[in-house]
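Spelled out from the first residue to the last, the chains are:
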Amino acid sequence: MSDRTTAAETLAAGAPAKSSPHVDAGDAGYSKDLKSRHINMIAIGGAIGTGLFLGAGGRLAGAGPSLAIAYAVCGVFAFFVVRALGELVLYRPSSGAFVSYAREFMGEKGAFAAGWLYFLNWSTTAIADITAAATYAHFWAMFSDIPQWVLALIALAVVLAANLISVKYFGEMEFWFAIIKVAALVAFMLVGIFLVVTQHPVDGHTPGFSTITDSGGIFPVGMLPMLLVIQGVVFAYASVELCGVAAGETESPEKIMPKAINSIMWRVGLFYVGSVVLLALLLPYTAYSDGQSPFVTVMDKLGVPGAAGVMNLVVLTAALSSLNSGLYSTGRILRSMALSGSAPKFTGRMNKGQVPYGGILLTAGFGVLGVALNYIVPGQAFEIVLNFASIGILGTWGMIMLCSLLFWHRAQDGRVTRPAYRLPWAPYTQIVTLLFLASVVFLMWWGGGVGRTTVMFLPLIAAALVGGWYLVRGRVNSLARERQDA
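Residues numbered from 1 in each chain as written. Predicted model: local features only at pLDDT ≥ 70, side-chain atom pairs only at ≥ 80, totals over all residues. Heavy atoms only, no water.

Engineer: Hey, could you run me through the overall build of the chain in this one?
Structural biologist: Counting its regular elements, the chain contains 20 helices and zero strands. Its C-alpha radius of gyration of 22 Å places the chain within 12% of the 23 Å reference for a compact globule of 486 residues. Across its three principal directions, the C-alpha atoms of the chain cover 75 × 45 × 40 Å. Looking at the chain residue by residue over its 486 residues, the buried ones come to 58%. Contacts in the chain between residues far apart in sequence, at least 24 positions, make up 80% of those at least 6 positions apart. Accessible surface computed for the chain: about 18,600 Å², of which carbon and sulfur atoms make up 67%. Computed over 30 positive and 24 negative side-chain charges, the inter-centroid distance for the chain is 6 Å. (Helix = DSSP H or I, 4+ residues; strand = E, 2+ residues; numbered from the N terminus. Rg over C-alpha atoms; globule rule 2.2 N^0.38 Å. Buried < 20%, exposed > 50% of the residue type's maximum accessible area, 1.4 Å probe, protein only. Contact = heavy atoms within 4.5 Å. Areas by Shrake-Rupley, 256 points an atom, 1.4 Å probe, with all protein chains shown as cover. Lys, Arg positive; Asp, Glu negative; His and termini not counted. Charge placed at Lys NZ, Arg CZ, Asp CG, Glu CD.)

Structure below.
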């Protein structure tokens, strides 16, 4: 019996529907080993990743100090997305997260599209992460002669091995990864503030607002470059939805999730916007490049012995953390899809540690393709996969907001009851966010280059989704009938 029919019968009986009876087969079999501290640090780790530590350098060089505005705007919409997901999680926690909600509100077709767009996001992000890790490793002389693809392969192998053990081990790794990232950013910001206040020279430049005004102001190359880097800035927030996936493996998500999600907003303001402002105050935007973390650039220019090396180790940790998160989340999403028939059967398998290893291995397999990309075009690998990852991110965020909008409509009809923790200003928030996501796609095309090429692949991606659905719909419908008959 469908949830729609059940809700209708309940209303006919005169009792208001409190929640959906929808049950996702992909939620069974997991341990509840993630604690409050894990979820909170996963939320932090999701909001601080490779997009900031590596990507901010090239974007600062391209857009100047106006990059801080782009981070602030995208951060607001990222918060709307994760807040919408948080409301759905409080309504019904699921390891399938938005794929499970798409199945409930949009049917199996919606779940199929949501799941594979998410896989596109993380399979390409995994390539970006191992590329970033290899790039960071080349900072040290001992690794400079090792080919980039070899370092990328080592990074993938280490994180894959760690991810297959257990969710508790993943939680501990992510907890400490996040601690390192936050501690490093706080330390950098304290040093940066000290340099600005004391006017201590950095590579011959006096830190302060004069660094910005003497280099062309907030928009040194105009407003257009700031708009064009927005798609890359969206990539920086790619993991904010991770805490929603992790909610299915924690006790008492109704107590833990609101606190973790609400804290994302101030973290975005402090760590992203604050650090970019400091970077712009410390050195002219022309001092940064896309080949090096901007934080390492500053430490290198300061000439403090070992400081640049320590910061480089931190940003290497951030890349490995992002890869760790991607393998974790895609494993859970693919298992939810596999048990409904929309992903290969082997991705639904779990090991003795209650880890869905099949999906994790599939994502890692695409990481191996990234190793090949690092072998063929090591200098362009990061930028190429960043654009494709952005398409997956935009699709995933769009699906989350569509699910949130449909959930709101059901609540208006009385078929479900919204939890006390809600996305504010619904349904306008969902609509404005969807328009923003559509504008980002337009900006990718308008900017030309790799971005336009990526957008031109959209018809192929759509065709692949339609073709894939026709390949699996028979199995999906068969499994759906079995669940209804059970």
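Engineer: Teacher, can you tell me more about helix H5 (residues 67-91) here?
Structural biologist: One turn of an α-helix holds 3.6 residues; hence residues three or four places apart share an orientation. In this model H5 runs 36 Å from its N-terminal to its C-terminal C-alpha over 25 residues, within 8% of the 36 Å that 1.5 Å per residue would give. Judged by how many residues are buried, H5 sits mostly within the fold: 21 of 25 residues are covered. (Expected span 1.5 Å × (residues − 1).)

Engineer: Sorry if this is basic, but what is going on with the packing of aromatic side chains here?
Structural biologist: Two descriptors summarise a pair of aromatic rings, namely the distance from one centre to the other and the angle between the planes of the rings. Tallied over the entire structure, the rule returns 20 aromatic pairs. Ring geometry for Trp140 against Phe143: centres 6.4 Å apart, planes inclined by 70 degrees, an arrangement best described as edge-to-face. Among the aromatic residues, ring-to-ring pairing joins Phe112, Trp116, Phe119, Phe366 and Trp469 into one connected group. Lying over the aromatic face of Trp445, Arg452 brings its terminal NZ or CZ to 4.4 Å of the ring centre. (Phe/Tyr/Trp six-rings, centres within 6.5 Å; stacked < 30°, edge-to-face > 60°. Lys NZ or Arg CZ within 6 Å of the ring centre and 35° of its normal.)

Engineer: Is there a simple way to think about a nonpolar patch on the surface in this case?
Structural biologist: Taken together, the side chains of Ile69, Val73, Ile218, Phe219 and Met223 present a nonpolar region at the surface, about 400 Å² in accessible area. Position of Val73 relative to the elements: it lies in helix H5. (Patch = residues over 30% accessible without salt bridge, like charges linked within 9 Å, V, L, I, M, F, W, Y side chains within 5 Å. Salt bridge = Lys/Arg side-chain N within 4 Å of Asp/Glu carboxyl O.)

Engineer: Sorry if this is basic, but what is going on with the nonpolar core here?
Structural biologist: Nonpolar side chains tend toward joint burial in soluble globular proteins. Of all hydrophobic cores here, the largest spans 158 residues; its most connected members are Tyr71, Trp116, Phe188, Tyr237 and Trp397. Here this core takes 25 residues from helix H6 (residues 97-137), the largest share from any one element. Leaving out residues up to four positions away in the same chain, Trp397 has contacts with Ala78, Val81, Val234, Tyr237, Val240, Glu241 and Leu437. (Core = buried A, V, L, I, M, F, W, Y, C linked by side-chain atoms within 4.5 Å.)

Engineer: Help me understand helix H19 (residues 449-456), please; the structure alone is not making it clear to me.
Structural biologist: Within the span of H19, buried status applies to Gly451, Thr454 and Val455. Seen end-on, H19 carries its buried residues on one side only, within an arc spanning 95 degrees. Exposed and facing more than 90 degrees away from the buried side of H19 are Gly449 and Met456. (Arc of directions from axis to C-beta.)

Engineer: Looking at this structure, I do not really get the environment of Ala389. What am I missing?
Structural biologist: The topology assignment puts Ala389 in helix H17 (residues 381-413). Of the residues examined, Ala389 reaches a relative accessible area of 0% and is grouped as buried. Between the C-alpha atom of Ala389 and that of Leu117, which follows or precedes it by 272 residues, the distance is 9.4 Å.

Engineer: Would you explain the confidence of the model for the chain in this entry?
Structural biologist: Atom-level detail of predicted coordinates should not be read off regions where pLDDT is low. Mean pLDDT over the chain: 84, with 91% of residues reaching 70 or higher. Taken as a whole, residues 1-19 scores under 50 in pLDDT and shows 26 contacts with residues more than four places along the chain or in a different chain. (pLDDT = per-residue confidence, 0-100.)

Engineer: Got a minute to help me understand the pattern of salt bridges in this structure?
Structural biologist: One side chain can pair with another of opposite charge once the charged atoms of both are near each other. Applying the stated criterion to the full structure yields five salt bridges. Two residues, Arg415 and Asp413, come together in a salt bridge whose shortest N-O distance is 3.3 Å. Taking relative accessible area as the criterion, Asp413 reaches 49% and is therefore assigned partly exposed.

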